Amino acid sequence: MDIEQAFGIVIKKYRLERSISQEKLAFGAGLDRTFISLLERGQRKPTINTLFAVSKALGVKPHKIIEDIEVFIYTK
């Protein structure tokens, strides 16, 4: 699994746990809803700025998202 796919899985997991729509997440992160969709499908490479914006909108520390990505990359 590559980083983009793992990032998408992780942010989607957090988004669904919080019952947040892609549109609401996008608004909170200052991003476009279609970009969130592309991220969740692993079709875009997130920047460090994107990581921080999405993590803030989700209420999750960036390092936690990175830790979860590591689990997917190194164990699956």
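Residues numbered from 1 in each chain as written. Predicted model: local features only at pLDDT ≥ 70, side-chain atom pairs only at ≥ 80, totals over all residues. Heavy atoms only, no water.

(A) Summary view of the overall build of the protein. Counting its regular elements, the protein contains five helices and zero strands. Element order for the protein, N to C, with α for helix and β for strand: α-α-α-α-α. In terms of C-alpha radius of gyration, the protein reaches 11 Å, essentially the compact-globule figure of 11 Å for 76 residues. Once the C-alpha set of the protein is aligned to its principal axes, its extents read approximately 30 × 20 × 20 Å. Counting every position in the protein, which comprises 76 residues, the buried fraction comes to 38%. Look at the contacts in the protein between residues 6 or more apart in sequence, and 64% of them connect residues 24 or more apart. Put simply, the protein shows about 4,700 Å² of open surface, and 56% of that area lies on carbon and sulfur atoms. Distance between charge centroids for the protein: 4 Å, based on 13 positive and 9 negative side chains. (Helix = DSSP H or I, 4+ residues; strand = E, 2+ residues; numbered from the N terminus. Rg over C-alpha atoms; globule rule 2.2 N^0.38 Å. Buried < 20%, exposed > 50% of the residue type's maximum accessible area, 1.4 Å probe, protein only. Contact = heavy atoms within 4.5 Å. Areas by Shrake-Rupley, 256 points an atom, 1.4 Å probe, with all protein chains shown as cover. Lys, Arg positive; Asp, Glu negative; His and termini not counted. Charge placed at Lys NZ, Arg CZ, Asp CG, Glu CD.)

(B) Quick peek at the layout of surface pockets. In this structure, the largest pocket spans a volume of roughly 200 Å³. Of all the secondary-structure elements, those providing two or more residues to the lining of the largest pocket are α1 (3–17), α4 (48–58) and α5 (62–75). Ranked by residues supplied to the lining of the largest pocket, first place goes to α5 with five residues. (1 Å grid on protein atoms, 1.4 Å probe; cavity = no way out; pocket = protein on both sides within 12 Å on 5 of 7 lines; lining within 4 Å. Points joined across faces, edges and corners; volume = space filled by probe spheres on them.)

(C) Representation of the nonpolar core in the model. Formed by 18 residues in total, the largest nonpolar core has its most connected members in Phe7, Val54, Leu58 and Ile65. For this core, the secondary-structure elements that each account for two or more residues are α1, α2 (22–29), α3 (33–40), α4 and α5. Among the elements that take part in this core, α1 stands out by supplying five residues, more than any other. Apart from the residues lying within four places of it in its own chain, the contact partners of Phe7 are Leu39, Pro46, Leu51, Ile65 and Ile69. (Core = buried A, V, L, I, M, F, W, Y, C linked by side-chain atoms within 4.5 Å.)

(D) Structural context of the environment of Ile73. With respect to the element layout, Ile73 can be found in helix α5. Since its relative accessible area comes to 25%, Ile73 is described here as partly exposed. C-alpha separation for the pair Ile73 and Ala6, spaced 67 residues apart in sequence, amounts to 6.8 Å. When neighbours within four sequence positions are excluded, Ile73 is seen to be in contact with Met1, Ile3 and Ala6.

(E) The side chain of Gln22, seen in detail. Among the secondary structure elements, Gln22 is positioned in helix α2. For Gln22, a relative accessible area of 18% translates into the label buried. Within the structure, Gln22 has its side chain in polar contact with the side chain of Glu40 (distance 2.8 Å). (Polar contact = N/O pair within 3.5 Å; in protein donor to acceptor, adjacent residues only side chain to side chain.)

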